Amino acid sequence: MEKASTHSSALAPERAAVIDLEALAANAAALAARISPAELMAVVKADGYGHGAVTAARAAWSAGVRRFGVAHVREGLDLIRGLEEHGIGEGARVLAWLHTPHTDFAAALRAGIELGVNGTEIERVLEAAEATGEVPRLHLKADTGLGRNGALEDAWAGLMERLAELQREGRVRVVGLMTHLAVADEPERPETDLQREAFERAAALAERCGLAGLEKHAANTPAALLRPDLRYDVCRVGLGLYGLSPFPDRPAAEFGLTPAMSLETTLTLVKRAPTGLGVSYGHRFVAESPTHLGLVPLGYADGIPRIAEGARVTVDGREHPVVGRVAMDQFVVDLGPDESALSLQGRTVTVFGAPGSTPVEVWAEAAQTINYEIVTRISQRVDRVVRGALGREAESLPLGRHEAPEAEDMRRLGERLGRALRKGDAVVLSGPLGAGKTTLTQGIARGLGAEGRVISPTFVLSRIHRNDPEGPRPGGPDLVHVDAYRLGPHGDLDSLGLDDTAGESVTVIEWGESVDPAFGERRLRVEIERAGLSANPEREDGGLSFDEDEDEGADVRTVSVTLVRGDGGPGREEGPGRTSTENGTEAGRA
Ligand SMILES: *Cc1c(COP(=O)(O)O)cnc(C)c1O
């Protein structure tokens, strides 16, 4: 019986770690509330435990988190750039705590990354400070009993005195004292109390050495959840942010946390297996009676542990066991003797994650490891597909004045705008010839995930760019790109039939300063000024070639984004932009 993969939608990626942004944001909010007044540092090392560091940080940011922890400086640099690309991250504090002899401290200091130090790297940090003119912000790492990368107790006094002296000389700023716990996930063990006592000794010694007002941080996820006495000023939380529990006997739901990664693919083949059929390398499974086997196109190259025989997957709400060895690219599940199994070919199979499917802990147990390792090791061969939307800061309109020295800055601003625009919005763009209006619109298209190349609409007056279902905003609005120049000073937009599309699209109108679109749930005015050009020139070229070479000229453009109708939501931003209505909410409406 041959059955096509009728159940896989065109949108479904072949093999994906589906990341739930809303779950991440909700986890961050739940953790922040739980540990308050301690501050949450979202630990996004190892590419956000496999979820995507920027994805995780964006979600945490939307929940109000402003501090991020990574192991390596390199991870911190990538994170900062990634957040910038999303138009967020200003004022974020990033701490990196694991260094090598080749760590680029100068880059760290230039990016404002704070450094955990154990003393061995101080000279190189000072060199970098000299070279950059920056004052390093340091967190002293005390080994209170983990036996890893902090300074041991006998070295504390010397290190603290040295740091205090450097601080008096203005060469460093010591901002924190940190330690890391060895057994916080086993609450009954006594070592955590011993670490706490040692940490208190370190804090007292720091005071005596003249290092006052240090932020103290010791808690990882298990301590943040169960040890209020270890929360101090900041908790460095990784696992909990991803919706997983560090305790084998206490599910994440007990703490109000939801798993954010769901590993999904399709059952690519289902076939009858006769008695005696051996499955996969080594024939570690042989069918003892007729059954049906399903093929899952994920293997150890994708991060599925080779030893995880005995784990399960979920298809249509039912679990099925993994049988035989996990191979490099694929593994096999036993779907049982019932004929109906044949209809499962092409169905979505959830390897682990989504609520209601196999929990990742089943895989961790089968692989004799912990949930941390299973999610973190899902390899880059597997697509990360981000689902859900962030409600607040990350998606709010970039109101106010922005400088755009380069075409790419203009595009990036457009992209931020594109991400925040909603169905029904109208954007009126003005600025002189060569100001960068089309460049900005290209960015808007990118942010909206609109298909096709955006060029000046001169010859056609308006052009529709459909939403790309595989873009960043699947199901989002189309982009209608309009040139109002030819319409003349009292142009009649109605003649373009925009009313038909405006409700379902985002309409961007170039040269639209003199038109007053009746449509637009929200209307934004975007004015671009370019040094050396008047704000409203006569168009000299008859409208034939303008904008084609907009990127020419090195002048800095200033872009003002103003909301003239509607609300600034979902997350209204502070700033110089006018967030309230200017023309009055009703006045401008037809
Ligand atoms: C990874 C890490 C954390 C986060 O631990 P979780 O148990 O995932 O919360 C905190 N601090 C340091 C130093 C780490 O290396």
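Placed above this text is the structure.
So, here's what we can say about the structure. (Residues numbered from 1 in each chain as written. Predicted model: local features only at pLDDT ≥ 70, side-chain atom pairs only at ≥ 80, totals over all residues. Heavy atoms only, no water.)

A look at the site of the ligand
Right, so step 1: In the neighbourhood of the ligand, 13 residues make up the surrounding shell, with Lys45, Tyr49, Thr221, Gly238 and Tyr372 lying closest.
Right, so step 2: Side-chain polar atom of Thr221 to an oxygen atom of the ligand: 2.5 Å apart, as the coordinates give it.
Right, so step 3: One of the backbone N or O atoms of Leu239 is found 2.9 Å from an oxygen atom in the ligand.
Right, so step 4: Protein chains shield 93% of the accessible area of the ligand, which is 390 Å² for the free molecule.
Right, so step 5: Of all the secondary-structure elements, those providing two or more residues to the shell around the ligand are α2 (45-49), α9 (221-226) and β9 (234-237).
Right, so step 6: Taken together, the residues that form the shell around the ligand break down as 7 nonpolar, 4 polar and 2 charged. (Near = heavy atom within 4 Å. Polar contact = N/O pair within 3.5 Å; in protein donor to acceptor, adjacent residues only side chain to side chain. Areas by Shrake-Rupley, 256 points an atom, 1.4 Å probe, with all protein chains shown as cover. Helix = DSSP H or I, 4+ residues; strand = E, 2+ residues; numbered from the N terminus. Nonpolar A, V, L, I, M, F, W, Y, C, P; charged D, E, K, R; others polar.)

Considerations on the pattern of salt bridges
Right, so step 1: With the rule as written, the count across this model stands at 33 salt bridges.
Right, so step 2: Between Arg250 and Glu254 there is a salt bridge, with the nearest N and O atoms lying 2.5 Å from each other.
Right, so step 3: The partly exposed category is assigned to Glu254, whose relative accessible area is 44%.
Right, so step 4: Here Arg522 and Asp425 are joined by a salt bridge, their closest N and O atoms 2.7 Å apart. Here Arg522 is found in the loop between β24 (505-510) and β25 (523-530), whereas its partner Asp425 is found in the loop between α12 (407-420) and β21 (426-430), with 97 residues between them in sequence.
Right, so step 5: For Arg522, a relative accessible area of 1% corresponds to the buried category.
Right, so step 6: According to the relative accessible area criterion, Asp425 is buried, its value standing at 0%.
Right, so step 7: Via salt bridges that share partners, Glu39, Arg67, Arg93, Glu114, Arg137 and Glu215 belong to a single interconnected network. (Salt bridge = Lys/Arg side-chain N within 4 Å of Asp/Glu carboxyl O. Buried < 20%, exposed > 50% of the residue type's maximum accessible area, 1.4 Å probe, protein only.)

Quick look at the packing of helix α7 (residues 153-168) against helix α8 (residues 191-208)
Right, so step 1: Packing of α7 against α8 brings their axes to within 10 Å, and their N-to-C directions diverge by 20 degrees. It follows that α7 is roughly parallel to α8 by the angle criterion. Considering only the axes of α7 and α8, their crossing is right-handed. Across from Glu153, Trp156, Ala157 and Met160 in α7, the residues of α8 making contact are Ala198, Arg201, Ala202, Leu205 and Ala206. (Axes fitted to C-alpha atoms, helices over the stretch in contact; angles between N-to-C directions. Parallel < 35°, antiparallel > 145°, perpendicular 65-115°, else oblique. Left-handed = near helix turned anticlockwise from the far one by under 90°. Contact = heavy atoms within 4.5 Å.)

Overview of the sheet that holds strand β2 (residues 39-43)
Right, so step 1: The strand order around the closed barrel formed by 8 strands is β2-β3-β4-β5-β6-β7-β8-β9, and the pairing between neighbours is parallel. Pairwise comparison of adjacent strand axes, ignoring direction, gives a mean angle of 30 degrees for this sheet.
Right, so step 2: Looking at chain direction, strand β7 (residues 173-178) and strand β8 (residues 215-219) are connected through 3 bridges and run parallel. Within the sheet, the bridge partner assigned to Gly176 lies in β8 and is Glu215. (Pairing = 2+ DSSP bridges.)

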